[in-house]
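Observations on the model geometry
Here are the chains, one letter per residue:
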Amino acid sequence: MSFLKPPAELQQFIDDELLRMPLVVDQTLDGAIDRMRQSLPTLAPQPRASTADVLQALGNNREHLTDYYLRSLKRQLADRAQANTGAPPLPSTLSLVDEDSVAIDVELSHVIELIRSTAEYELRELQTFTAALVGDMDLAHDHNPFGPAQHARALWAAAQALPLSRGHQLLFMRNAAPALAAALRRAYAASSSRLESLGVTPAAYRTMILPSGARRSRRPEISLGAGLDLVRSAVAPGNELGFDGPALELEPALAAPPGSQDTPAGERRAVELLTGLFDAMLADRRLAQDIALMLSRLQSVATRLVLREPRALEDETHAMWRFVDALAHLGDVLPPQGNPERTQTLRFAQGLVEHLAAEPAPAAPLFDWAAERLQHQAQHRFARRCTDAAAQIAELQRLEERLCSSAAPPSTMGGALDIAQLDTVPADLMPADGPGEPRDALAWLQARRPADWVHVFLQGRWVKAQVLWPGELGELWLLGDAESPETWAVRRRALLTLRTEGLLATLKPRSLVRSAAKRVMRRSFQL
């Protein structure tokens, strides 16, 4: 749910939180100072000297750190409001992302995960109240304007108030992170209590609670590979799954449509299963609304195809499901709703869907044709994007030649911290790669091709980016943001570091029908 400006209730919450934010910063700085002082006796001479420098700078610049922290939060709030208005982003110059920049991103990801793990319960509780402030009683989105990512960026902004090297600033950030997480845990809990005292009724997570005694005998575990074959057996007699007892009862969404009593049993079960799969796919919150509308238009033609080709319900790689996945992927990599490029592209996709829906006797080759048309259209968009970035690519070619023929520039880390010292990124932040991806970072990078999509943590946030230019010599890569015209020039070593730290992964079409099949199985077992 987007707003041109925050509702009055949410704006009041924002104003109250900003007034209390200096206390959070003070508690964070006190905790960081105590942590560094206690660590001094255990440090080697060089880290001890770096820590002492940070402690001295903190004593002399405490007010500046608080000011930088608050300014960062306010700037992020302004950016959030601008994004909600749909206004075009301000033009930005192309900057080079090197190993030092990546070290900052890795540290930011650590702070975000530490806050999430420390204040997990408090964050979930506060989310229910902020959702209620904007009327999102189903918790479709997270409306908390002061989440872990916002505070992690503000902490890095505060660190830059220290008149020291980047390495010293990151050293402060690492020591301040535990104190910030603890302070935010208390602050989140206090915010929820205040909203509750004001009479705000929190939204509720949708949770299925089975009545006492409703559980049947233990059903087989649903493996991560559960697919269409297993789901189809769930609507057949129970002994086909290898256990005794009555057949699984279908929920209303999977029940046979009215007037279908004269339909052969096999066809009726096929229609029931297909209806359940489409209901589960359309209920996927990751699916954009405009894509969901197109998928719903496909249900009728999918029914006709399944009655002609029953094997489509057993094969997740069938042309129909590949086209469905391609549509979902298209929604993931296009700019946000309201953008002219998205509107034009989806108008083309809608034409393909209407052509399929009008076919009285659909077959797999027809869906193959539609998927090819989508692919050709994607290639056209990629070529147009490369044309728009031609000047940047030419500039990067010249820069790449100079970089490869000269010594590496000096690091801004100042010797206080290097990338090798950074901890491994928590598993929760790592995007999952598909099967067959090389484990070695260099091999993975060499396997990337122009037009490939990646999921990468850059400049303190996760972005979906497309490889526009992999560099003639492989030293500089140009990535384009999926949601805006923004581009990043990233050095090869920076990409290798991101990959090693779990902050760079392939972005491929996900199987909507596989996810839907798992949900259908879980719901069937719970009934």
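Residues numbered from 1 in each chain as written. Predicted model: local features only at pLDDT ≥ 70, side-chain atom pairs only at ≥ 80, totals over all residues. Heavy atoms only, no water.

Here the focus is helix H12 (residues 340-357). Its 18 residues give H12 an end-to-end C-alpha distance of 25 Å, which sits within 8% of 26 Å, the value for a rise of 1.5 Å per residue. For H12, the full list of buried residues reads Arg 342, Thr 345, Leu 346, Ala 349, Leu 352, Val 353, Leu 356 and Ala 357. Angularly, the buried residues of H12 cover 135 degrees about the axis, an arc narrow enough to put them on a single face. Exposed and facing more than 90 degrees away from the buried side of H12 are Pro 340, Gln 344 and Arg 347. Packing partners of the buried residues in H12 comprise helix H9 (289-297), helix H10 (299-308), helix H11 (319-333) and helix H13 (364-388). Where H12 begins, the capping side chain belongs to Asn 339, and its oxygen is found 2.8 Å from the backbone nitrogen of Glu 341. (Helix = DSSP H or I, 4+ residues; strand = E, 2+ residues; numbered from the N terminus. Expected span 1.5 Å × (residues − 1). Buried < 20%, exposed > 50% of the residue type's maximum accessible area, 1.4 Å probe, protein only. Arc of directions from axis to C-beta. Contact = heavy atoms within 4.5 Å. Polar contact = N/O pair within 3.5 Å; in protein donor to acceptor, adjacent residues only side chain to side chain.)

As enumerated under the stated definition, the model contains 21 salt bridges in all. Note that Glu 17 and Arg 194 form a salt bridge whose closest N and O atoms lie 2.7 Å from each other. Note that Glu 17 is positioned in helix H1 (residues 8-39) and Arg 194 in helix H6 (residues 166-197), a separation of 177 residues in sequence. Within this structure, Asp 284, Arg 286, Arg 510 and Arg 519 form a network of salt bridges that share partners. (Salt bridge = Lys/Arg side-chain N within 4 Å of Asp/Glu carboxyl O.)

Within the secondary structure layout, His 143 lies in the loop between helix H4 (120-133) and helix H5 (148-159). Along the sequence, His 143 and Gln 127 sit 16 residues apart, while their C-alpha atoms lie 6.7 Å from each other.

Another point: the pairing of strand E3 (residues 461-469). Where strand E2 (residues 453-458) and E3 come together, 6 bridges link them in antiparallel fashion. Counterpart to His 455 in the pairing with E3 is Lys 464. Joining the antiparallel neighbours E2 and E3 is a turn of 2 residues, in which Gln 459 adopts a positive phi near 55 degrees. Summarising the sheet, E3 and strand E4 (residues 476-481) pair through 4 bridges and their orientation is antiparallel. Looking at the pairing, Trp 469 lines up with Leu 478 of E4. Between E3 and E4, which follow one another and run antiparallel, lie 6 residues, and Gly 471 among them has a positive phi close to 85 degrees. (Pairing = 2+ DSSP bridges.)

Relative to the 20 Å expected for 14 residues at 1.5 Å per residue, H4 spans 20 Å between its end C-alpha atoms, a close match to the ideal helical length. Of all 14 residues that make up H4, 10 are buried, and the element is covered over most of its length. Among all positions of H4, only Glu 122, Leu 123, Leu 126, Gln 127, Thr 128, Phe 129, Thr 130, Ala 131, Ala 132 and Leu 133 are buried. Those residues of H4 hidden inside the fold are in contact with H1, helix H3 (99-118), H5 and H6. After H4 finishes, the residue Gly 135 shows a positive phi value of roughly 80 degrees.

Grouped together as the largest cluster of nonpolar side chains are 80 residues, with contacts concentrated most on Leu 58, Tyr 69 and Phe 172. With 13 residues, H6 is the single largest residue contributor to this core. Membership of the second largest hydrophobic core comes to 44 residues, among which are Ala 288, Ile 291, Ala 319 and Trp 321. (Core = buried A, V, L, I, M, F, W, Y, C linked by side-chain atoms within 4.5 Å.)

None of the figures reported here should be taken as evidence of function without further support.
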